[in-house]
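These are the residues of each chain, in order.
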Amino acid sequence: MKDTDIKRLLYTHLLCIFSIILSVFIPSLFLENFSILETHLTWLCICSGFVTAVNLVLYLAVKPNTSSKRSSLSHKVTRFLKCCIYFLMSCFSFHVIFVLYGAPLIELALETFLFAVILSTFTTVPCLCLLGPNLKAWLRVFSRNGVTSIWENSLQMTTISSFVGAWLGALPIPLDWERPWQVWPISCTLGATFGYVAGLVVSPLWIYWNRKQLTYKNN
Amino acid sequence: MRLGSGTFATCCVAIEVLGIAVFLRGFFPAPVRSSARAEHGAEPPAPEPSAGASSNWTTLPSPLFSKVVIVLIDALRDDFVFGSKGVKFMPYTTYLVEKGASHSFVAEAKPPTVTMPRIKALMTGSLPGFVDVVRNLNSPALLEDSQNSWKRIIFYGDETWVKLFPKHFAEYDGTTSFFVSDYTEVDNNVTRHLDKVLKRGDWDMLILHYLGLDHIGHISGPNSPLIGHKLSEMDSVLMKIHTSLQSKERETPLPNLLVLCGDHGMSETGSHGASSMEEVNTPLILISSAFERKPGDIRHPKHVQQTDVAATLAIALGLPIPKDSVGSLLFPVVEGRPMREQLRFLHLNTVQLSKLLQENVPSYEKDPGFEQFKMSERLHGNWIRLYLEEKHSEVLFNLGSKVLRQYLAALKTLSLSLSTQVAQYDMYSMMVGTVVVLEVLTLLLLSVPQALHRKAELEVPLSSPGFSLLFYLVILVLSAVHVIVCTSAESSCYFCGLSWLAAGGVMVLASALLCVIVSVLTNVLVGGNTSRKNPVHPSSRWSELDLLILLGTAGHVLSLGASSFVEEEHQTWYFLVNTLCLALSQETYRNYFLGDDSEPPCGLHVEQGLDGATPAWQDGSACDALERDKGHRSPSPSQVLRGHEKWMVLASPWLILACCRLLRSLNQTGVQWAHRPDLGHWLTSSDHKAELSVLAAISLLVVFVLVQRGCSSVSKAALALGLLGVYCYRAAIGSVQFPWRPASQDISKGIIEARFVYIFVLGILFTGTKDLLKSQVIAADFKLKTVGLWEIHSGLVLLAALLFRPHNLPVLAFSLLIQTLMTKFIWKPLRHDAAEITVMHYWFGQAFFYFQGNSNNIATVDISAGFVGLDTYVEIPAVLLTAFGTYAGPVLWASHLVYFLSSETRSSSALSHACFCYALICSIPVSTYIVLVTSLRYHLFIWSVFSPKLLYEGMHLLITAAVCVFFTAMDQTRLTQS
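Chain B has the name Phosphatidylinositol glycan anchor biosynthesis class G (EMM blood group) in an unreviewed UniProt entry, where Rhinopithecus bieti is given as its organism. Under Sequence similarities (unreviewed entry), UniProt gives the following word-for-word description of chain B: "Belongs to the PIGG/PIGN/PIGO family. PIGG subfamily."

Per an unreviewed UniProt entry, the recorded name for chain A is Phosphatidylinositol glycan anchor biosynthesis class F, and the organism is Rhinopithecus bieti. What UniProt states about chain A under its Subcellular location (unreviewed entry) heading is, verbatim, "Endoplasmic reticulum membrane". In the Pathway (unreviewed entry) part of its UniProt record, chain A is described as follows: "Glycolipid biosynthesis; glycosylphosphatidylinositol-anchor biosynthesis."

K.L.:
Would you explain unusual backbone geometry in this entry?
P.N.:
Where the residue is not glycine, phi is negative for most of them; where a peptide bond is considered, it is trans in most cases. Of the consecutive residues A:Trp184 and A:Pro185, the connecting peptide bond is found in the cis state with omega at -10°. Note that A:Pro185 resides in the loop between α7 (150–169) and α8 (186–209). Not every positive phi belongs to a glycine, and B:Arg831 is a case in point at roughly 55°. You can see B:Arg831 is positioned in the loop between α33 (809–830) and α34 (834–851).

K.L.:
What exactly am I supposed to notice about the packing of aromatic side chains here?
P.N.:
Where two aromatic rings form a pair, the distance of their centres and the angle of their planes describe that pair. Taken as a whole and judged by the stated rule, the model has 31 aromatic pairs over all chains. Measuring from ring centre to ring centre gives 6.3 Å for A:Phe94 and A:Phe98, while their planes differ by 10°; the resulting arrangement is stacked. Pair noted here: A:Phe94 and A:Phe98 are both in helix α4 (residues 73–100), with a separation of 4 residues, about one helical turn. With respect to burial, A:Phe94 and A:Phe98 carry one shared label: buried. Taken together, a centroid distance of 6.4 Å and an interplanar angle of 75° make the contact between A:Phe98 and A:Trp184 edge-to-face. Taken as a pair, A:Phe98 in helix α4 and A:Trp184 in the loop between α7 and α8 lie far apart in primary sequence, 86 residues in all. Of the two residues examined, A:Phe98 and A:Trp184, each falls in the buried class. The rings of A:Phe94, A:Phe98, A:Phe115, A:Phe163 and A:Trp184 are connected pair by pair, giving a single aromatic cluster. The cationic tip of A:Arg211 hangs over the ring face of A:Tyr208; the distance from NZ or CZ to the ring centre is 4.2 Å. Over the face of the ring belonging to B:Trp203 we find B:Lys67, whose NZ or CZ atom lies 5.3 Å from the ring centre.

K.L.:
Looking at this structure, how should I read the side chain of B:His380?
P.N.:
One can find B:His380 in helix α14 (residues 368–389). On the accessibility criterion, B:His380 (0% relative accessible area) is buried.

K.L.:
Hey, could you run me through α33(B) in this one?
P.N.:
At 3.6 residues per turn, the α-helix brings residues three or four places apart onto the same side. All names here are of chain B. If you check α33, its first and last C-alpha atoms are 30 Å apart, about what 22 residues at 1.5 Å a residue would give, namely 32 Å. At Thr823, α33 shows its largest bend, some 40°. By the criterion of burial, α33 is predominantly enclosed, with 18 of the 22 residues buried. At the C-terminal side of α33, Arg831 shows a positive phi close to 55°.

K.L.:
Can you walk me through the nonpolar core in this structure?
P.N.:
General note: in soluble globular proteins, nonpolar side chains tend to be found buried as a group. Residue and element names in this part refer to chain B. In this structure, Phe8, Ile656, Leu798, Ile818, Phe844 and Phe967 are the most contacted members of the largest nonpolar core, which totals 173 residues. Of the residues forming this core, the biggest block, 13 residues, is contributed by helix α23 (residues 569–593). Composition of this core by domain shows at least three residues from each of domain 3 (426–525) and domain 4 (561–595 + 639–904). For Phe8, the residues in contact, after removing those within four places along its chain, are Leu3, Leu443, Leu444, Ser447, Leu458, Val460 and Phe916. One finds Phe65, Val333, Leu356 and Leu414 within the second-largest nonpolar core, a separate group that totals 63 residues.

K.L.:
Can you help me understand the side chain of B:Thr282 in this one?
P.N.:
Residues and elements named next belong to chain B. Take Thr282: it is sitting in strand β8 (residues 281–287). Looking at Thr282, the relative accessible area reads 0%, which means it is buried. The contacts of Thr282, once residues within four sequence positions are left out, are Leu76, Asp78, Phe105, Val106, Ala107, Gly262, Asp263, His264, Gly265 and Gln306.

K.L.:
Even after reading the chapter, I still don't get the sheet that holds strand β5 (residues 169–175) of chain B, so can you show me in this structure?
P.N.:
For sheets, the rule is that strands pair by backbone hydrogen bonds, running either parallel or antiparallel. Residue and element names in this part refer to chain B. As summarised here, the arrangement of the 8 strands in space is β5-β4-β6-β2-β7-β8-β3-β9, forming an open sheet in which the pairing is mixed. Each edge of the open sheet carries a strand with a single partner, namely β5 and β9 (302–305). Across this sheet, the average inter-strand angle for adjacent strands is 15°, counted without regard to direction. Direction of pairing for strand β4 (residues 153–158) relative to strand β6 (residues 205–210): parallel, over a ladder of 4 bridges. Opposite Ile153, over in β6, you have Met205 as the bridge partner.

K.L.:
I tried to follow the environment of B:Ser447 on my own but got confused; where do I start?
P.N.:
Residues and elements named next belong to chain B. In this structure, Ser447 sits in the loop between α16 (427–446) and α17 (448–451). According to the relative accessible area criterion, Ser447 is buried, its value standing at 3%. C-alpha separation for the pair Ser447 and Lys85, spaced 362 residues apart in sequence, amounts to 62 Å. Excluding anything up to four places from it in sequence, Ser447 contacts Phe8, Leu458 and Phe916.

K.L.:
Would you mind showing me how to read the pattern of salt bridges here?
P.N.:
Side-chain pairs of opposite charge can arise whenever the charged atoms involved come near each other. Residues and elements named next belong to chain B. Summed over the entire model, instances satisfying the criterion amount to 16 salt bridges over all chains. The salt bridge partner of Glu953 is Lys949, with a shortest N-O separation of 2.8 Å. Of this pair, Glu953 and Lys949 both sit in helix α38 (residues 942–977), separated by 4 residues, roughly a single helical turn. Judged on exposure class, the residue Glu953 and its partner Lys949 are both buried.

K.L.:
Looking at this structure, I do not really get the pairing of β4(B). What am I missing?
P.N.:
Looking along a regular strand, one sees the side chains alternate between the two faces of the sheet. Residues and elements named next belong to chain B. For β4, the buried fraction is high: 6 of the 6 residues fall into the buried class. Taken together, the 6 bridges between β4 and β5 define a ladder with parallel strand orientation. Each residue of the ladder has a partner; that of Asp158, found in β5, is Thr175. Note that the unit made of β4, helix α6 (residues 159–164) and β5 has a crossover that is right-handed.

Definitions and cut-offs
Residues numbered from 1 in each chain as written. Chains lettered and ligands numbered in written order. Predicted model: local features only at pLDDT ≥ 70, side-chain atom pairs only at ≥ 80, totals over all residues. Heavy atoms only, no water. UniProt positions renumbered as here; feature names shortened; annotations may be inferred. Helix = DSSP H or I, 4+ residues; strand = E, 2+ residues; numbered from the N terminus. Phe/Tyr/Trp six-rings, centres within 6.5 Å; stacked < 30°, edge-to-face > 60°. Buried < 20%, exposed > 50% of the residue type's maximum accessible area, 1.4 Å probe, protein only. Lys NZ or Arg CZ within 6 Å of the ring centre and 35° of its normal. Expected span 1.5 Å × (residues − 1). Bend = angle between axes of the 7 residues up to and from the residue. Core = buried A, V, L, I, M, F, W, Y, C linked by side-chain atoms within 4.5 Å. Domains from an automatic or database assignment. Contact = heavy atoms within 4.5 Å. Pairing = 2+ DSSP bridges. Axes fitted to C-alpha atoms, helices over the stretch in contact; angles between N-to-C directions. Salt bridge = Lys/Arg side-chain N within 4 Å of Asp/Glu carboxyl O. Right-handed = clockwise from strand over helix to strand, strands pointing away.

Printed below as a string of structure tokens:
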């Protein structure tokens, strides 16, 4: 592992964070009355779009996995379609989990679904970009001692921190402070976003800190 | 002395119960009372103050009204009279309120809003303590002197009154308030006397207490159409009384007074007990021809305290104000009287309040109310002197109204400072209780490594001579503190009131515990040096599940410090249980997919990071240990299980999650979302009786199918008949119906059916105990013991099925289903250790406590469970049944835990480990909570949110103690076997 790798990782992560910050400020130039809390759903869509776009661009530009040996057009198309299906399925399964956790079944279904979408954006999209629609690889990355590169290591960290952020975001809902951000699912989406950003910031630093101890099988 | 960890834990919990009892006694204040009791007899009333001149008014003023009728309607909420419902259903009352000669108020009841303390507040003006809630079921005779003396009083209505004032009524007819399903007969029993009594003139006071409205509220809530009918009925009763009183008035010199009031309100779910606006605000209407009213005089109902009624009635009847009353006179009642009389009444009231203040507050002279009282008394004296000198003048009137305002301000301040006086804590008793409980908790925590060791035994240094000096020193210090605190006695202290023997016993206990802790601590510190050389560090064996359990417990305990989290505690438990299920599903996936290369199912694996928050790869050494751990864990299940069973294992956490989600929407509990529609309300509404019947029948069937597999054939038959009896009982009391008799009119109390079920419950429990005893005699018969434990479990299930409301029967069915799923597909294949299984049982037990519809609010206790199969109120069975009905969830999970661990043969010490863990995990929240409550004792919500929770925690600890005794008994039988 080289320091340049870590530097590249850091820059890509900074770009992701930048895209989230942009998603907060750019829409207010075009849309009237835009704010994260009041027009939350719009922000969710925009943020999800931005993060997905940045991830795709980074995937095409950086190509951390140089494993694609042969690339016919049909192969690429099926791969892309598979990715889309995976993304949708992860959205739906997240939605189911939220309902099981107590989200209302019928009312606020759109809000719940958009929360599922943004959580998928933070977790499934990077996985799809990095590992492709390959469940075995996913399982390998998310099991112990399964990571083979710093990219996968940071992927693991950001994904887990997004989940933990969303989980912690649910805690203030029962409090009687009556703040606008306590409304379902705002606190959870904000928690997931903060978790994702924290993961993005922490993972390169952590890898840099532990670069002596970390050894990967393939590198 | 060597003790098994189970026995040790049971002893600890028993001592903890004692500590909590002392704490509770100190926390819940003794009510404000006057110490001048009966010995003084009839005290002469305070004479009119007069500066220099001698007043001729020294006796009590004469009554203002000749006859008083009090119509008390249980659970009459203020908007039932003043709101749109009042306009629609109570036209006569609305007319009186808006145009008639009346004064209307909104009387605010203090929590707890249950009937008995409210009657006390209305009639004696005193503020009953929180402990009176417990006595609400069985009210003892009231010693407080109320205004009921010397008058001929007739009473019809709730029996509670007769118990409260046993000798005051010249004539009475009490009705029982506990058959909640009856809402017509109770009121007819009151109204049937009305014509006769109104015709007679030989009474001074008539009290009518109508219960029907409260019963309707309990059955179907404040928006039910039945409420309208009941209100119209009450309106016609009121009209009858009012016209009769008016026609009588010509014969008597004085006017009559009609009082309409409610004892407490009704929450949006139809219950009461807490302190929401709907429960606290009740209407109070005083109707009399004495209250003149000009046309166009619109009076808006003012907010007053419920305790004001007693003082007002006493003045109105020309009686002395009760000594313990903290209320102030409702001034509009006497507004029409001459100025001198008005001042006289106000003076009597302030004198009484300031006397009460003097007796209850040591530094009463600094109280602003007392200063105001002194000043207004002086002014009053001046006014009297002027009045006696010259009769009518502008000056006199102006000065008089100034004195009046001064008096009213003084009354208000005095009344307020007396009401806050109720919130005085007995800190010494609280401290003693806290010290005992914390010592026990420390001891439990210190002995964790020893108690969870393979041998499950621990050395308790009860008689270590090295510490005897310390022991005697501590006793000496404690008794010195005791003497100092008790002799300096600023306020009354329960612990000082105890006999020397009892207090000394508690002190010996506390110091002995301290010595034991010190000696255990030294053992741990000395032993720690040797164990550190041991290469196996305990933390290296922790999985994500253990981490979740630890964090969850810590998080729950910390959340108890916030009032909203206490109100919404069910959300915490649902959240934790859901996360537990996800963690379990992650564990199953790891075990089944990482070992072998089979095709994984799609879509469901993504959540694995959601809970296992701290991945172990951060720590290399921990990771290795975990790998090793997994290495010897995982191969066995994959060999044991075949194809479909493997799929069941993978799916079962999701099935359990789905079950929990369904149960969660059954009973909407808590505060913030309590008004949301839920399945329970939908089912209990009278339109959906058929659906409810089908659901109850299906649930009972599921219960039978799930329970019968472990029973012997005799108890199988008993169980079937018992469950049939449960359905018959519910049909008899009219909550469900038989398909062949769709609209049954004859509603009974179902005594025979319920007793039929009780016989089977006792029979099954007896068979279980017999099997257990037999298994002890025939030492080798292991299977018999398992069967016996399962029979005891099924007996409890049958009892719960009888006590649960029919819409809650699915809770029982799902609880058995989840237990079966967990046992078969999670605990057995994944081989969790006893501690993990115990904590999971505890968490599910807590979640089921809330799934049943309970909350941390007194109002949700289903007292009707205490009257199943009983003709009249019998205290001991009623309390036991209510406690079991309320805590059925935790108790059933605990009994399942005992059964499960005994049926597993892998470890001989599992049961005592489990007992220790159960005791520990129950005592951590309760010990932390009493510390939190002590530090939050001046919080705004202390009475409405924190203290009901404290009662729940105390009760839960008592239940835990019972469970631990059961555990230890089972453990003992195991020990004697081996």
